[in-house]
Amino acid sequence: MLDVTMLRKNLPEVVARLKTRNFDFPVDAFNELEERRKSVQKKTEELQARRNSLSKDIGMMKKNGEDASELLAQAAAIPGELKALEDELEEIREKLHDLMLRVPNLPSPTTPIGKDETENVEVRRWGTPRTFDFPVKDHVDVGAPLGLDFDTAAKLSGARFAFMRGEVAHLHRALAQFMLDVHTREQGYTECYTPYIVTASTMTGTGQLPKFEEDLFAAKKGGAYSDLEQMYLVPTAEVTLTNSVSGQILKATDLPIFLTAHTPCFRSEAGAYGRDTRGMIRQHQFDKVEMVKIVRPEESYDQLESLTHDAEVILQKLNLPYRVMALSTGDIGFGSCKTYDLEVWIPAQNCYREISSCSNCEDFQARRMSARFKDENGRTRYVHTLNGSGLAVGRTLVAVLENYQNADGSVTIPEALRPYMNGKEKIVPAAK
């Protein structure tokens, strides 16, 4: 959530910056609410001053033995009038809060200005795509003989789900374990296990609600739970990890906080129909190893570079070619100020595809969930929050299957994963 004080002081500048990310700030609605707020506050102050003046006058009249009944009647009416103004002010604040919840974050001055993903900027590349001396298969065709089964998944759940058996399931698990080990043993993250179902207020804290409700899977309430707050399946562990500090005032010595977790992620992919319908690129349920950093404001952009590097290390250890893209203002996520996407090489598509998104949200999420810290000077300040995938496990499996495929249908296991695969060097199709 943006700082409403900043809006009041610099509205034209904020409107212009939001315009670069294709968002038209509701200036008229904001100004109307602001005028109402000022009017109510002015009336409240005038009534409070009138109450104080009447109190003095009543006291003076009683002291002089005069009849103060008329002034007493006027004073008796003021509490009701103040209550009405207080209720009106609360209504205005709620409407302003609802308006602000729907406004995206301001892009960083270092975020490239552009209308959409076509104006993202390539920052660097790593690795050289492999040259094949046989026809390249996509991960669906490579994976099917190895235990990747979309037909069974469709029978159980419909489209955009996967069912894995045998060594493909083992490889999928190995990838997640490998990522967690690198993040915790080499990069200083604390491993967490978090709930997969969270409250609406938790979703609001990191910006999934109210803007993206149609992209979420709501958990049906019933029976003894029918009176509880609406619950949702997590679309990413960013929600639970970041909200772990909601409502807190941390000590300066608590920061920085680095957290990681492996969770399934659930997304309806509303509006994405027709895109990537084949295979595992875009699914309703997928696994991800998430990284979250909660840091001091002055450190957050250095931490964004570090977070991005942490995700890159996973790809480098797996020897998967990739590139880093700085997203333009028209492509960054709702809560992000600046984002780097990591895109891995997918041979069957002959292009790079997103496998990680690393973002600095500055204090946008912290304001929504009231996450602060007290600095060395005793000032209470909002923390900055960052998040990134380290990596999306399913898409990493896709990249491994395609980049490491062999002409005989086997898949070479990247060296970094072999300790997690009982030392095997390859997985091969099951004998028929």
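Please read these numbers as outputs of a predicted model, since none were measured by experiment.

Scoring rules and cut-offs
- Residues numbered from 1 in each chain as written.
- Predicted model: local features only at pLDDT ≥ 70, side-chain atom pairs only at ≥ 80, totals over all residues.
- Heavy atoms only, no water.
- Domains from an automatic or database assignment.
- Buried < 20%, exposed > 50% of the residue type's maximum accessible area, 1.4 Å probe, protein only.
- Helix = DSSP H or I, 4+ residues; strand = E, 2+ residues; numbered from the N terminus.
- Pairing = 2+ DSSP bridges.
- Salt bridge = Lys/Arg side-chain N within 4 Å of Asp/Glu carboxyl O.
- Polar contact = N/O pair within 3.5 Å; in protein donor to acceptor, adjacent residues only side chain to side chain.
- Contact = heavy atoms within 4.5 Å.
- 1 Å grid on protein atoms, 1.4 Å probe; cavity = no way out; pocket = protein on both sides within 12 Å on 5 of 7 lines; lining within 4 Å.
- Points joined across faces, edges and corners; volume = space filled by probe spheres on them.
- Nonpolar A, V, L, I, M, F, W, Y, C, P; charged D, E, K, R; others polar.
- UniProt positions renumbered as here; feature names shortened; annotations may be inferred.
- Axes fitted to C-alpha atoms, helices over the stretch in contact; angles between N-to-C directions.

Enquirer: Explain the domain arrangement of the chain here, please?
Expert: Interface size, as often reported, equals the accessible area lost upon joining of the parts. What the domain assignment lists for the chain is domain 1 (26-102) and domain 2 (117-427). One C-alpha centre belongs to domain 1, the other to domain 2; they are set 51 Å apart.

Enquirer: For this particular structure, what's the right way to read the pairing of strand β10 (residues 285-295)?
Expert: Every regular strand shows the same layout, with side chains that alternate between the two sheet faces. Along β10, 10 of the 11 residues are buried, which leaves the element largely enclosed by surrounding structure. Bridge count for strand β9 (residues 257-266) against β10 is 10 bridges, and the pairing is antiparallel. Bridged to P264 within β10 is D287. Two strands pair when backbone bridges link them, and β10 and strand β16 (residues 384-392) are joined in this way by seven bridges, in the antiparallel orientation. Among the inter-strand pairings, V295 is bridged to a residue of β16, identified as H384.

Enquirer: Help me out: how do you make sense of the pattern of salt bridges in this one?
Expert: A side chain with one charge may pair with a side chain of the opposite charge, provided their charged atoms come close. All told, the structure shown has 29 salt bridges when counted by the stated rule. A salt bridge links R278 to D141; its shortest N-O distance comes to 3.2 Å. Of the two residues, R278 is situated in the loop between β9 and β10 and D141 in helix α4 (residues 139-143); the sequence distance between them amounts to 137 residues. We classify D141 as partly exposed; its relative accessible area is 41%. For the salt bridge of E298 with R296, the shortest nitrogen-to-oxygen distance reads 2.7 Å.

Enquirer: Would you mind going over the side chain of N403 with me for this structure?
Expert: One can find N403 in helix α11 (residues 393-403). At 2.8 Å, the side chain of N403 and the backbone oxygen of A399 are in polar contact. Ignoring sequence-local partners within four residues, the contact set of N403 consists of R130, F132, L320, P321, W345 and P347.

Enquirer: I keep staring at the layout of surface pockets and nothing clicks. Help me out?
Expert: It is a probe the size of a water molecule, rolled over the atoms, that shows where empty space is left. The space that makes up the second largest pocket amounts to roughly 240 Å³. In terms of lining, the second largest pocket is formed by 13 residues, of which the most central are M1, V4, L96, H97 and M100. Counting residues per element, the ones that place at least two in the lining of the second largest pocket are α1 (4-19), α2 (27-63) and α3 (69-101). In terms of residue count, α3 provides more of the lining of the second largest pocket than any other element does, four residues in total. The class makeup of the residues in the lining of the second largest pocket is six nonpolar, two polar and five charged.

Enquirer: Could you clarify how one ought to interpret the UniProt feature "binding site: ATP" (unreviewed entry) in the chain in this entry?
Expert: Following the UniProt record, the feature "binding site: ATP" (unreviewed entry) maps to R267, S268, E269, E354, I355, S356 and S357 here. Tracing the chain through its elements places R267 in the loop between β9 and β10. On the basis of relative accessibility, which here comes to 29%, the residue R267 falls in the partly exposed class. The contact partners of R267, leaving out residues within four places of it in the chain, are D215, F217, P235, T236, Q283, H284, F286 and K288. A distance of 2.9 Å separates the side chain of R267 from the backbone oxygen of P235, its partner in a polar contact. Structurally, the position occupied by I355 is in strand β13 (residues 351-360). We classify I355 as buried; its relative accessible area is 2%. Beyond its immediate chain neighbours, meaning those up to four positions away, I355 contacts L315, L342, E343, V344, S389, L391, A392, R395 and T396.

Enquirer: I keep staring at the UniProt feature "coiled-coil region" (unreviewed entry) in the chain and nothing clicks. Help me out?
Expert: Under the UniProt annotation, "coiled-coil region" (unreviewed entry) lies at residues 30-102. Helix makes up 92% of residues 30-102 and strand 0%, with an end-to-end C-alpha separation of 12 Å.

Enquirer: I keep staring at the sheet that holds strand β1 (residues 121-126) and nothing clicks. Help me out?
Expert: Hydrogen bonding along the main chain pairs the strands of a sheet, whether they run parallel or antiparallel. Reading across the sheet, the eight strands line up as β1-β11-β12-β13-β16-β10-β9-β4 and stay open at both edges, with mixed pairing between neighbours. Either end of the sheet is taken by a strand with one partner, and the two such strands are β1 and β4 (190-192). Here the average twist between neighbouring strands, direction ignored, is 25°. Both strand β12 (residues 338-346) and β13 contribute to a ladder of nine bridges, which runs antiparallel. The residue bridging D341 from the neighbouring strand is S357, located in β13.

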